[in-house]
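Survey of secondary and tertiary structure
Listed below are the residues making up each chain.
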Amino acid sequence: MTNILSFVSIKGGVGKTTLALETATSLAKNFNKKVLLVDANFSAPNIGLYLDLTSDYNLQDSLNGNTTLQNTIYEAHGIDIIPSALHYHKEIDPYKLKSLLQKYKSRYDFIILDTSPNYEELRPIIAASDKIFLVSSPDHVTLHTTLKAAKLAQEQKTPIHGIIVNKIRSPKHEYNLQEIEKISNIPVLARIHEHKEMARSLHKKTPLSILAPRHQISREIENFASAIAGHTKKEKWFYKFIPYEPFVPKEEVNRQFYKAQL
Ligand SMILES: Nc1ncnc2c1ncn2[C@@H]1O[C@H](COP(=O)(O)OP(=O)(O)OP(=O)(O)O)[C@@H](O)[C@H]1O
Ligand SMILES: [Mg+2]
């Protein structure tokens, strides 16, 4: 069954939009999935800006009944996108999002929501989601702030399926994956370093998964997308020549475990 996934954190700038966009693109490009990416960050929408989309209609037009949801869908890089209005519409009822999207579940393999870091704005988005992925950088300030979103999801009984650790800068001075899992009690499903190539992707208005598919960030996003798509990855050819258990990174073990549960 199609799932509505959202990337959340109460902290701004951690990479929610980047992860939502890159995961959507990778699922479509590498795993042939039909994906709808919805900009559900009502107060500070970014997807349209990331992709340089010009749109006549947006999510708010559909939520307030001005047009059908179909009229708000645009295509870019192999995914369908619903942008949000650049100007904040106070009168919109964001709790309508859930029922609006339910009707579109049968058309897509995945519906992915980009979200706001604002606590109150996040409530209706979590209510509309089937699964949550937390996004955090590995410092104590960001992790503890991100975990406020986990609390909100737990209150609403929306399952949290994992954490993506993004913008790793200086591992010696940051939490490692074991520490993050111990503090949060949530498995880490991807580990992404901070890299200047993301600035090029932003500047070119093109997802990195398209611009530089072999880049380490694109490959890690692909590994994550592979896990949520339930795709079986071919074992590296040289594994069979190694007489002992090869070293497999923790996030990869978590992904294999995650896939097995799907
Ligand atoms: N791994 C990374 N390496 C370098 N830059 C990154 C990385 N991930 C994201 N960025 C950059 O960080 C900035 C913020 O990212 P993004 O917009 O995805 O965050 P956000 O959590 O959606 O922010 P907001 O809460 O404001 O919506 C962007 O300039 C993005 O290109
Ligand atoms: Mg964002």
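The structure we're discussing is the one just above.
Residues numbered from 1 in each chain as written. Chains lettered and ligands numbered in written order. Predicted model: local features only at pLDDT ≥ 70, side-chain atom pairs only at ≥ 80, totals over all residues.

Side note on the environment of Lys34
Residue placement: Lys34 occurs in the loop between helix H1 (16-31) and strand E2 (35-39). Classification of Lys34 by C-beta neighbours within 10 Å gives partly exposed; the count is 15. As a C-alpha pair, Lys34 and Asp109 span 75 residues in sequence and 5.2 Å in three-dimensional space. If near-sequence neighbours (up to four positions away) are discounted, Lys34 is found in contact with Tyr108 and Asp109. (Helix = DSSP H or I, 4+ residues; strand = E, 2+ residues; numbered from the N terminus. Buried ≥ 20, exposed ≤ 12 C-beta atoms within 10 Å, placed from the backbone. Contact = placed C-beta atoms within 7 Å.)

Topic: helix H11 (residues 250-261)
End to end, H11 covers 17 Å across 12 residues, agreeing with the expected 16 Å (1.5 Å per residue, within 8%). Listing the buried residues of H11 in full gives Glu251, Asn254 and Arg255. Taken down its axis, H11 places every buried residue within 100 degrees of arc, on the same side. Residues of H11 that are exposed and angled more than 90 degrees away from the buried face: Val253, Gln256, Phe257 and Ala260. Where the residues of H11 are buried, they touch strand E7 (160-168), helix H7 (177-184), strand E8 (188-193) and helix H10 (216-228). (Expected span 1.5 Å × (residues − 1). Arc of directions from axis to C-beta.)

Brief notes about unusual backbone geometry
Positive phi, close to 60 degrees, is recorded for Lys157, a residue that is not glycine. The residue Asn185 is not glycine, and still its phi comes out positive at about 60 degrees. Taking the C-beta count within 10 Å as the criterion, Asn185 has 10 such neighbours and is therefore assigned exposed.

Observations concerning the site of ligand 1
Around ligand 1 sit 19 residues, and of these Gly12, Lys16, Thr17, Thr18 and Met198 come closest. Of all elements in the fold, only H1, E7 and helix H8 (197-204) reach the threshold of two or more residues within the shell around ligand 1. Among the elements that line the shell around ligand 1, the one with the most residues is H1, at 3 residues. Here the residues of the shell around ligand 1 are counted per class, giving 7 nonpolar, 9 polar and 3 charged. (Near = placed C-beta within 6 Å. Nonpolar A, V, L, I, M, F, W, Y, C, P; charged D, E, K, R; others polar.)

With respect to the nonpolar core
Counting residues in hydrophobic clusters, the biggest one holds 64 residues, and the most contacted among them are Ala24, Val35, Leu37, Ile112, Leu134 and Ile164. Filtering out sequence-adjacent residues up to four positions away, Val35 remains in contact with Ala24, Leu27, Ala28, Ile79, Asp80, Tyr108, Asp109, Phe110 and Ile112. (Core = buried A, V, L, I, M, F, W, Y, C linked by C-beta atoms within 7 Å.)

Observations regarding the pairing of strand E1 (residues 3-8)
Side-chain positions along a regular strand alternate between the two faces of the sheet. By the criterion of burial, E1 is predominantly enclosed, with 5 of the 6 residues buried. Where E1 meets strand E5 (residues 110-114), 5 bridges bridge the pair, whose relative direction is parallel. Residue Ile4 lies in a different strand from E5, and its bridge partner there is Ile111. In the sheet, E1 pairs with strand E6 (residues 131-136) via 4 bridges, with the strands oriented parallel. Bridging across to E6, Val8 finds its partner in Leu134. (Pairing = 2+ DSSP bridges.)

Description of the sheet that holds E2
With respect to topology, 8 strands assemble into an open sheet ordered E3-E4-E2-E5-E1-E6-E7-E8, the strand pairing being mixed. Two strands bound the open sheet, and with one partner strand each, they are strand E3 (74-76) and E8. Put simply, the sheet's adjacent strands are angled 25 degrees from each other on average, direction ignored. On the sheet, H1 packs against E1, E2, strand E4 (79-82), E5, E6 and E7 and is oriented at approximately 165 degrees with respect to E5. (Axes fitted to C-alpha atoms, helices over the stretch in contact; angles between N-to-C directions.)

Concerning H10
Its 13 residues place the ends of H10 19 Å apart at the C-alpha level, agreeing with the 18 Å of an ideal helix rising 1.5 Å per residue. Residues of H10 that are buried: Ile217, Ser218, Glu220, Ile221, Glu222, Phe224, Ala225, Ala227 and Ile228. Considering only its buried residues, H10 is in contact with H1, E7, E8, H8, helix H9 (208-211) and H11.

Some words on the environment of Glu252
Here Glu252 is to be found in helix H11. Exposure remark for Glu252: the 17 C-beta atoms within 10 Å place this residue in the partly exposed category. With 40 residues separating them along the chain, Glu252 and Ala212 place their C-alpha atoms 22 Å apart.

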